[in-house]
Number of protein chains: 2
Amino acid sequence: MTTEYVALQKDLTARQAIEALRATAREVEIIYYIYVVNQRNQLTGVFSLRDLITAEPGESLEKIMQTRVISVNVRTDQEEVARLVAKYDFLAIPVIDDEQELLGIITVDDILDVIEEEATEDIMLLSGNTDLEVEEFEGGIWRRATRRLPWLVGLLFGGLMAGNVINFFSGTLESLTVLAFFIHILAGGPGNAATQSLAVVVRGLATGEVEREDVLRVIWREARVGIFVGLVCGSVMAVTAYLWQGIPLLGLVVGLSLAVSMSIATLLGSFIPVLIHRLGIDPALASGPFITTLMDITSMMIYFSLASLIILR
Amino acid sequence: MTTEYVALQKDLTARQAIEALRATAREVEIIYYIYVVNQRNQLTGVFSLRDLITAEPGESLEKIMQTRVISVNVRTDQEEVARLVAKYDFLAIPVIDDEQELLGIITVDDILDVIEEEATEDIMLLSGNTDLEVEEFEGGIWRRATRRLPWLVGLLFGGLMAGNVINFFSGTLESLTVLAFFIHILAGGPGNAATQSLAVVVRGLATGEVEREDVLRVIWREARVGIFVGLVCGSVMAVTAYLWQGIPLLGLVVGLSLAVSMSIATLLGSFIPVLIHRLGIDPALASGPFITTLMDITSMMIYFSLASLIILR
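Residues numbered from 1 in each chain as written. Chains lettered and ligands numbered in written order. Predicted model: local features only at pLDDT ≥ 70, side-chain atom pairs only at ≥ 80, totals over all residues. Heavy atoms only, no water.

J.: Help me understand the overall build of chain A in this model?
T.: Along the backbone of chain A there are 12 helices and 6 strands. A compact globule built from 313 residues should have a C-alpha radius of gyration of about 20 Å, whereas chain A, at 29 Å, is more than 25% larger. Overall, the C-alpha framework of chain A stretches about 95 × 45 × 30 Å when taken along its three principal axes. Looking at the 313 residues of chain A, the share that counts as buried comes to 59%. A sequence separation of at least 24 residues applies to 67% of the contacts in chain A between residues at least 6 apart. For chain A, the computed accessible surface area is about 12900 Å², with 57% contributed by carbon and sulfur atoms. For chain A, the distance from the average site of its 22 positive side-chain charges to the average site of its 38 negative ones is 6 Å. (Helix = DSSP H or I, 4+ residues; strand = E, 2+ residues; numbered from the N terminus. Rg over C-alpha atoms; globule rule 2.2 N^0.38 Å. Buried < 20%, exposed > 50% of the residue type's maximum accessible area, 1.4 Å probe, protein only. Contact = heavy atoms within 4.5 Å. Areas by Shrake-Rupley, 256 points an atom, 1.4 Å probe, with all protein chains shown as cover. Lys, Arg positive; Asp, Glu negative; His and termini not counted. Charge placed at Lys NZ, Arg CZ, Asp CG, Glu CD.)

Laid out in structure tokens, this is it:
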């Protein structure tokens, strides 16, 4: 926000306003929007330099100005401000307090930076980087590594939990080593499905696309996409597993587990960021690696349970 | 690009220029920058409405204008244009052809859209979405699912190749089922490390941060970060695996494979996008799921080879 803007009283004429502008033009950041305030510095109108130039010199500002001013409160989130400026193609937007008093303006060049920063933040969080700035490029090895390690080590222990599920079913695995060949399929497929739906929803929340429609509708739609995607991938892998190993029941177990896991993953990929967003936290924090690890554990439980029930019953 | 801008000849006076503006102000998209062209419509100067307002009425435009105009060629990439506008805080930038002829201008509100679109594109590609727009929210289930399926199915077959590596080592696995408990660790750790370094480099390339420094230096730095991160994670998991299963050699194998795989993964996560960028392709196409799958195969080969060599020798 800058306080270097032009604010005038409404009883001036266009000619007087131009004179006032000429006197202050060099000191202010933006002269293309001129704000009109009353005695108590409350924002009552706005006009553009274009309006002023084309007005009759004797016309009063009260006639030139628009009284419906789109402004933001000083406590408005910067992402929300960026969305408004982008939506209306403004060069600047005024900032007011609860008493309508004009405090400053936010210019479009600041908004450019905000949009770029927020996008970088989303990309970093989605990929499990606790490091939110690209300035990182200037940091040393030690600083860069220590910023990445918390996630990496944390997720290793998540992977250990998935390993623990396999340990629990080690009897099943010993009598059917072939099950191990499909662990990557059962871990990767649902993980990728979750990441896709997560990216779509997180980006939609960031650009404001999702709020416009009912959030429940988005989740419900993702759930149906998940079931569809799960059925296709499950069928493909059921056939592939059967052709590869020649065991029909193995095909059934691999296909069924994959279908169920991918459906759940797509649903979680949309549900978790929306939930976190509702709690007022940046939805990108429900980052890809987190949901992927959660799905690793879930899909291993489904896979080995089904294998025990169907093949080894 | 818009062709609705104001271009004047340099021999006009400030007063004449203001009159010309008053006549055309309602028709043009932006009047805050006025471009100066010669008889052949070649761009020779620029001044702002602010310069014009504060100038003496009799002054000629030749005196007011700046002759060093930052412009873009009509073939310049939109990401590059966005970077220039953001860097200089311009409200618009002129577009010229190879003969310096003024073709139009690109305004900052178009740049806002470009920056937002490019960020969305990067996020979608990095998460393996072939669907590059958030408009996707308006599509039906069928369209949404079919756009995601190519990646999902393709990656499943990638996962199958990792499974094939395990199949190749099934003898090793049968005599040591405990190896299966660590497959998630060996798949997840390197995948996450690659995704982190990929996000940092892809974002750096998008914002122009990386081009400024030597690309080889970025890769070399990522390689060192990878070795550091690999050593830490490998040591942690070596101890954990030993404590969990009580087999010292298993700890050695898990730790060593993890350290090597994570180092390679971090290197690939920076090397592949830079390589792709050099080939003139969007680096985000070297998406997370792609490198993750590549690492799945690589780390399984390292893990089972080391297990065969060290534990079962």
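J.: I would appreciate a short explanation of empty space enclosed by the protein in the present structure.
T.: One simple way to see leftover space: roll a probe sized like a water molecule over the atoms. Under the criterion given, the structure shown has 1 cavity of 30 Å³ or more. In this structure, the largest cavity occupies an estimated 690 Å³ of space. Taken together, the residues of the lining of the largest cavity sort by class into 19 nonpolar, 22 polar and 2 charged. (1 Å grid on protein atoms, 1.4 Å probe; cavity = no way out; pocket = protein on both sides within 12 Å on 5 of 7 lines; lining within 4 Å. Points joined across faces, edges and corners; volume = space filled by probe spheres on them. Nonpolar A, V, L, I, M, F, W, Y, C, P; charged D, E, K, R; others polar.)

J.: How should I be thinking about the sheet that holds strand 4 (residues 72-73) of chain B in this particular structure?
T.: All names here are of chain B. Taken in spatial order, the 3 strands of this open sheet run 4-5-6, and their pairing is mixed. Edge positions in the sheet fall to strand 4 and strand 6 (102-107), since each has one partner strand and no second. Two elements, strand 5 (residues 92-96) and strand 6, share 5 bridges in a ladder whose sense is antiparallel. Each bridged residue has a counterpart across the sheet, and for valine 95 the counterpart in strand 6 is glycine 104. Contacts from helix 4 (residues 78-88) reach strand 4, strand 5 and strand 6, with the element oriented near 140° to strand 5. (Pairing = 2+ DSSP bridges. Axes fitted to C-alpha atoms, helices over the stretch in contact; angles between N-to-C directions.)

J.: I keep staring at the environment of phenylalanine 271 of chain B and nothing clicks. Help me out?
T.: With respect to the helices, strands and loops of the structure, phenylalanine 271 of chain B is situated in helix 11 (residues 248-278). Considered as a pair, phenylalanine 271 of chain B and valine 201 of chain B are 70 residues apart in the sequence and their alpha carbons are 8.9 Å apart.

J.: Sorry, what's going on with the packing of aromatic side chains here?
T.: To describe a pair of aromatic rings, you give the distance between the ring centres and the angle between the ring planes. Residue and element names in this part refer to chain A. Scanning all chains against the criterion turns up 17 aromatic pairs over all chains. Pairing phenylalanine 169 with phenylalanine 304 gives two aromatic rings, centres 5.7 Å apart and planes at 20°, and the pair type is stacked. Linking phenylalanine 169 in the loop between helix 6 (141-168) and helix 7 (170-175) with phenylalanine 304 in helix 12 (residues 288-310), this pair joins segments that are 135 residues apart in sequence. (Phe/Tyr/Trp six-rings, centres within 6.5 Å; stacked < 30°, edge-to-face > 60°.)

J.: Sorry if this is basic, but what is going on with the packing of helix 8 (residues 183-207) of chain A against helix 6 (residues 141-168) of chain B here?
T.: The description of two packed helices rests on the angle between their axes and on the distance between the axes. Where helix 8 of chain A meets helix 6 of chain B, the closest approach of the two axes is 8 Å, and the angle between their N-to-C directions is 155°. Judged on the interaxial angle alone, helix 6 of chain B and helix 8 of chain A are roughly antiparallel. For helix 8 of chain A against helix 6 of chain B, the interelement crossing comes out right-handed. On helix 6 of chain B, the residues that touch His184, Ile185, Gly189, Asn192, Ala193, Gln196, Ser197 and Val200 of chain A of helix 8 of chain A are Arg148, Trp151, Leu152, Leu155, Leu156, Gly159, Leu160, Ala162 and Ile166 of chain B. Taken together, the residues of the contact of helix 8 of chain A with helix 6 of chain B sort by class into 10 nonpolar, 6 polar and 1 charged. (Parallel < 35°, antiparallel > 145°, perpendicular 65-115°, else oblique. Left-handed = near helix turned anticlockwise from the far one by under 90°.)

J.: Is there a simple way to think about the nonpolar core in this case?
T.: The tendency in soluble globular proteins is for nonpolar side chains to be buried as a group. By size, the foremost hydrophobic cluster in this structure holds 92 residues, and its most contacted members are Leu49 and Leu52 of chain A together with Leu49 and Leu52 of chain B. Apart from the residues within four sequence positions on either side, leucine 52 of chain B is in contact with Ala14, Ala17, Ile18, Leu21, Ile34, Phe47, Leu61 and Ile64 of chain B. Listed in part, the 81 residues of the second largest apolar core include Ile302 of chain A together with Val165, Val229 and Leu258 of chain B. (Core = buried A, V, L, I, M, F, W, Y, C linked by side-chain atoms within 4.5 Å.)

J.: Can you walk me through the sheet that holds strand 5 (residues 92-96) of chain A in this structure?
T.: Adjacent strands of a sheet pair through backbone hydrogen bonds, lying either parallel or antiparallel. All names here are of chain A. Strand order across the open sheet formed by 3 strands is 4-5-6, with mixed pairing between neighbours. Where the open sheet ends on each side, the last strands, each with one partner, are strand 4 (72-73) and strand 6 (102-107). Against the sheet, helix 4 (residues 78-88) makes contact with strand 4, strand 5 and strand 6, and its axis sits at roughly 140° relative to strand 5, the strand it touches most.

J.: So what exactly am I meant to see when it comes to the pattern of salt bridges here?
T.: Side chains carrying opposite charge are able to pair once their charged atoms draw close together. Under the counting rule described, the total for this entry stands at 8 salt bridges over all chains. The partner of arginine 75 of chain A in a salt bridge is aspartate 98 of chain A, and the shortest N-O contact between them spans 3.2 Å. Taken as a pair, arginine 75 of chain A in the loop between strand 4 and helix 4 and aspartate 98 of chain A in the loop between strand 5 and strand 6 lie far apart in primary sequence, 23 residues in all. Its salt-bridge partner being glutamate 62 of chain B, residue lysine 10 of chain B comes within 3.9 Å of it at the nearest N-O pair. With lysine 10 of chain B in the loop between strand 1 (6-8) and helix 1 (14-24) and glutamate 62 of chain B in helix 3 (residues 61-64), the pair connects residues that are 52 residues apart, well separated along the chain. Taking the relative accessible area as the measure of exposure, lysine 10 of chain B reaches 39% and is therefore partly exposed. (Salt bridge = Lys/Arg side-chain N within 4 Å of Asp/Glu carboxyl O.)

J.: What exactly am I supposed to notice about the interface of chain A and chain B here?
T.: Reports often express the size of an interface as the amount of accessible area lost when the parts come together. On the side of chain B, 106 residues touch chain A, which itself brings 106 residues to the contact. Summed over both partners, the interface of chain A with chain B comes to about 9600 Å²; 70% of that surface belongs to carbon and sulfur atoms. The partner of arginine 148 of chain B in a salt bridge is glutamate 222 of chain A, and the shortest N-O contact between them spans 2.8 Å. At the surface where chain A touches chain B, the tally comes to 18 residue pairs in polar contact (both at pLDDT 80 or more). With 19 residues, the single largest contributor to the side of chain A that touches chain B is helix 6 of chain A. Tallied by class, the residues present in the side of chain A that touches chain B amount to 60 nonpolar, 24 polar and 22 charged. (Buried area = accessible area lost by both parts, 1.4 Å probe. Polar contact = N/O pair within 3.5 Å; in protein donor to acceptor, adjacent residues only side chain to side chain.)

J.: Please clarify how the confidence of the model for chain A should be interpreted in this entry.
T.: Low pLDDT means the predicted coordinates in that region are not meant to be read closely. Of all residues in chain A, 94% have pLDDT values of 70 or greater, and the mean over the chain is 87. Looking across chain A, the model is least confident in helix 9 (residues 209-212) of chain A, with a mean pLDDT of 70, and most confident in strand 5 of chain A, with 95. (pLDDT = per-residue confidence, 0-100.)

J.: Got a minute to help me understand the environment of isoleucine 70 of chain B in this structure?
T.: Residues and elements named next belong to chain B. Within the secondary structure, isoleucine 70 is located in the loop between helix 3 and strand 4. Note on isoleucine 70: relative accessible area 31%, which makes it partly exposed. Taking the C-alpha atoms as reference points, isoleucine 70 and alanine 206, separated by 136 residues in sequence, lie 21 Å from one another.

J.: Would you explain unusual backbone geometry in this entry?
T.: In most cases, non-glycine residues show a negative phi, while peptide bonds are predominantly trans. Phi at asparagine 41 of chain A is positive, roughly 65°, even though this residue is not glycine. For asparagine 41 of chain A, the position within the fold is in the loop between strand 2 (33-37) and strand 3 (43-48). On the basis of relative accessibility, which here comes to 26%, the residue asparagine 41 of chain A falls in the partly exposed class. One non-glycine residue, aspartate 89 of chain B, lies in positive phi territory at about 55°. Its place among the elements puts aspartate 89 of chain B in the loop between helix 4 and strand 5.

J.: So what exactly am I meant to see when it comes to the relation of the copies chain A and chain B here?
T.: What relates the pair of chain copies is a rotation about an axis plus a shift along that axis. Overlaying chain A on chain B yields an RMSD of 0.2 Å, the required transformation being a rotation through 180° with an accompanying axial translation of 0.0 Å. The superposition of one copy onto the other is thereby described by a two-fold rotation axis. Interface residue correspondence from chain A to chain B reaches 100%, placing this contact among same-surface, isologous pairings. (Least-squares fit on C-alpha atoms with pLDDT ≥ 70 in both.)

J.: In this structure, what is going on with helix 8 (residues 183-207) of chain B? I would like to understand it.
T.: A turn of α-helix holds 3.6 residues, and therefore any two residues three or four places apart point the same way. Residue and element names in this part refer to chain B. With 25 residues, helix 8 extends 36 Å from end C-alpha to end C-alpha; this agrees with the ideal 36 Å at 1.5 Å per step. Within helix 8, 24 of the 25 residues are buried, which leaves the element mostly enclosed by the surrounding structure. In the stretch just after helix 8, glycine 208 is the one whose phi turns positive, near 85°. (Expected span 1.5 Å × (residues − 1).)

J.: Quick question: what am I supposed to make of the side chain of glutamate 118 of chain A here?
T.: Residues and elements named next belong to chain A. Inspection of the secondary structure assignment puts glutamate 118 in helix 5 (residues 108-126). There is a polar contact of 3.0 Å between the side chain of glutamate 118 and the side chain of glutamine 78. Non-local contacts of glutamate 118, meaning those with residues more than four positions away in its chain, are made with Gln78 and Glu79.

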